[in-house]
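Results of the structural survey
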Amino acid sequence: MSLLNLLSATQPAIPLNATAIRVLDSPPAFYSNLLDIIRRAKRRIFLSSLYIGASEHQLLASLDSALRQNTRLHLHLTLDYNRSTRPGTDSPVLALLPLLRAYGPRVHLSLFRSPKLGGPMTTVVPPRFNEGWGTWHAKVYGADDQVIISGANLNRSYFTDRQDRYLHFKAQPKLADYCCSFLQLISSFSYNVFSSPGIDAPIIQWPDPSVQPWKIQSKVHHALSQFQASRLTPSLPTSDTVLFPVIQGGQFNIREEERTLEIIFNHLASQRGPTTPAMTWTSGYFGLYKPYQDMILKSPAACEVIAASPKVLAYTLPFPMSF
């Protein structure tokens, strides 16, 4: 069985046209394309990031302009709870309050909070340190049928001089639908943010009274498993490129990345031929998981590793980060 058939048996397969995929090569190119897809949006804008910088006035103004010019447009924002609610006048959630006030039901702001830190501990662990228990890190930026998948946050340094990875998918409705639906599913397990007349602060509410925010593990596992299973296809799509979305969430016992890599390595080990198969690994933070180390060392494939320079990661965290 081919590798594509093996992967499509466990993962959704999204057909793409290679000519519609563009690798952006710089932070300014990323920012320019991001603003462009926002300005062109007619139906939906969906942005997922760790946070939106409170000083990103141009980005916020572009969102405001798009919503003002098109009354059918909806904005979906999925951000990290702890990072976006840091105290102070520059708190990211405060910067989004004008959009909530102006466009109400057309702005859907969701803040995901890791259930690893729950109960009384949420009041004991101070801001910034609470981010050490896990943060929402998916970087997906889309509008209508365009998607940019990146590792960059929505913050000035990522728009000017902090290099990251950026893939721009143009006119890809299936991929855009998948990404937007995934983020909407995550929003059902996230805090919802609203505004209220006469109240200066945002109103943050947990949407599901049947479960406490730090006890959502089984519900999330079931929802994500069903989400992926419902998108499996009986046959491979005919296209020159196929994208297999993989969800990895260890705290929810969702381990698709591990399963997928095992499938790939087992397939490579079974191949016999005159040429040696090759694989390239790349990540912004390359702290290799021990089972992955074992797969690489035992594999007959030639493995190339591309990782970020230490200079790229030269920033200070308020808590230890181990790799």
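Now for a description of the structure that goes with this document. None of the values given here were measured: they were computed from a predicted structure. (Residues numbered from 1 in each chain as written. Predicted model: local features only at pLDDT ≥ 70, side-chain atom pairs only at ≥ 80, totals over all residues. Heavy atoms only, no water.)

**Description of the packing of helix 9 (residues 173-187) against helix 10 (residues 217-229)**
Threshold: The convention used is that axes are lines fitted to C-alpha atoms, helices contributing only their stretch in contact, and that angles between N-to-C directions extend from 0 to 180 degrees. Counting from the N terminus, the helices are DSSP H or I runs at least four residues long and the strands are E runs at least two residues long. Angles are sorted into four bins: roughly parallel if under 35 degrees, roughly antiparallel if over 145, roughly perpendicular if 65 to 115, and oblique for all others. Each crossing gets its hand from how the near helix is turned against the far one by less than a right angle, where anticlockwise is left-handed and clockwise is right-handed. Only heavy atoms matter for contacts: two residues are in contact if any of them lie within 4.5 Å across the pair.
Two numbers describe how helix 9 lies on helix 10: the axes approach to 11 Å, and their chain directions differ by 165 degrees. With respect to their mutual orientation, helix 9 and helix 10 come out roughly antiparallel. Pair helix 9 / helix 10 crosses with right-handed handedness. Here Tyr 178, Ser 181, Phe 182, Leu 185 and Ile 186 of helix 9 come into contact with helix 10, specifically with Ala 223, Leu 224, Phe 227 and Gln 228.

**Some details on the pairing of strand 7 (residues 146-150)**
Operational definition: Between buried and exposed lies partly exposed: a residue is buried under 20% and exposed over 50% of the maximum accessible area for its type, with that area taken using a 1.4 Å probe on protein chains only. Only strands that DSSP links by at least two bridges are regarded as paired with each other.
When you tally the buried positions in strand 7, you get 4 out of 5 residues, the bulk of the element. Bridge count between strand 6 (residues 140-143) and strand 7: 4 bridges; the pairing is antiparallel. Across the sheet, Val 140 pairs through a bridge with Ile 149, a residue of strand 7. The antiparallel pairing of strand 6 with strand 7 creates a hairpin that spans 2 residues between the two strands, and Asp 144 there sits at a positive phi of about 55 degrees. In the sheet, strand 7 pairs with strand 8 (residues 166-169) via 4 bridges, with the strands oriented antiparallel. When the bridges of strand 8 are listed, Ile 148 appears paired with His 168.

**Some words on the environment of Leu 50**
Mapped onto the fold, Leu 50 is located in the loop between strand 3 (44-48) and helix 3 (57-69). Sequence separation of Leu 50 and Ser 190 is 140 residues, and the distance between their C-alpha atoms is 13 Å. Non-local contacts of Leu 50, meaning those with residues more than four positions away in its chain, are made with Leu 79, Asp 80, Arg 83, Ser 84, Thr 135, Trp 136, His 137, Lys 139 and Asn 153.

**Re the layout of surface pockets**
To keep things clear, this is the line we draw: Using a 1 Å grid laid over the protein atoms alone, points where a 1.4 Å probe fits but cannot get out form a cavity; open sets with protein on both sides within 12 Å along at least 5 of 7 lines form a pocket; any residue with an atom within 4 Å of a point counts as lining. Grid points are joined across faces, edges and corners, and a volume is the space filled by probe spheres set on the points.
By volume, the second largest pocket is sized at about 190 Å³. Leu 100, Gly 104, Pro 105, Val 107, His 108, Leu 109, Ser 110, Ser 187, Asn 192, Val 193, Phe 194 and Ser 195 together form the lining of the second largest pocket. When residues of the lining of the second largest pocket are traced back to their parent elements, those giving at least two are strand 5 (107-112) and strand 9 (191-194). No other element matches strand 5, which puts 4 residues into the lining of the second largest pocket.

**Here we look at helix 10**
To keep it simple, the criterion reads: What a helix is expected to span follows from its residue count: subtract one and scale by 1.5 Å.
Over its 13 residues, helix 10 runs 18 Å from end to end, which matches the ideal 18 Å to within 8%, given 1.5 Å per residue. Buried residues along helix 10 sit against helix 9, strand 13 (254-255) and helix 11 (256-270).

**Concerning the nonpolar core**
Cut-off, in case you're wondering: Definition used in this section: a nonpolar core is a set of buried Ala, Val, Leu, Ile, Met, Phe, Trp, Tyr and Cys residues joined via side-chain atoms within 4.5 Å.
Counting 41 residues, the largest nonpolar core has Phe 30, Leu 34, Ile 45, Leu 59, Leu 75, Leu 99 and Leu 109 as the members making the most contacts within it. Ignoring sequence-local partners within four residues, the contact set of Leu 34 consists of Leu 47, Leu 59, Tyr 141, Ile 148, Leu 154 and Phe 159. Core analysis: the next-biggest nonpolar cluster, separate from the first, contains 28 residues, Phe 46, Val 147, Cys 179 and Leu 185 among them.

**With respect to the sheet that holds strand 6**
Taken in spatial order, the 9 strands of this open sheet run 2-8-7-6-3-4-5-9-10, and their pairing is mixed. Strand pairing shows two members of the sheet lacking a second neighbour, strand 2 (21-23) and strand 10 (203-205), which therefore form its edges. The sheet shows a mean angle of 15 degrees between the axes of neighbouring strands, taken without regard to direction. Sheet topology note: the strand 3/strand 4 (residues 74-80) ladder contains 5 bridges and is parallel. When the sheet's bridge partners are listed, Ile 45 is paired in strand 4 with Leu 75. Its contacts with the sheet place helix 2 (residues 27-40) against strand 2, strand 3, strand 6, strand 7 and strand 8, and it is angled at close to 150 degrees to strand 7. Sheet contacts for helix 3: strand 3, strand 4 and strand 5; angle to strand 3, the most-contacted strand, approximately 155 degrees.

**Quick look at a nonpolar patch on the surface**
For the record, the criterion: Within the patch definition used here, like charges are joined within 9 Å and nonpolar side chains (Val, Leu, Ile, Met, Phe, Trp, Tyr) within 5 Å, considering only residues with over 30% relative accessible area and no salt bridge. Accessibility throughout is a Shrake-Rupley quantity obtained with a 1.4 Å probe, and a residue counts as covered only by protein chains that appear here. Any Lys or Arg side-chain nitrogen found within 4 Å of a carboxyl oxygen on Asp or Glu counts as a salt bridge.
There is a patch of nonpolar side chains on the surface, built from Val 23, Ile 149 and Leu 167 and spanning about 240 Å² of accessible area. Structurally, the position occupied by Ile 149 is in strand 7. Accessibility expressed as a relative area gives 30% for Ile 149, which makes it partly exposed.

**Side note on helix 12 (residues 290-298)**
Threshold: Read the arc as the range of directions from the helix axis to the C-beta atoms.
Listing the buried residues of helix 12 in full gives Tyr 292, Met 295 and Ile 296. One side of helix 12 holds all its buried residues, which, seen down the axis, span an arc of 95 degrees. Counted as exposed and oriented over 90 degrees from the buried face of helix 12: Lys 290, Leu 297 and Lys 298. In the core, the buried residues of helix 12 are packed alongside helix 11, strand 14 (278-283) and strand 15 (302-307).

**Topic: unusual backbone geometry**
With phi around 55 degrees, Asp 144 is a residue other than glycine that occupies positive phi space. By the element assignment, Asp 144 lies in the loop between strand 6 and strand 7. Although it is not a glycine, Ala 171 adopts a positive phi angle of roughly 50 degrees.

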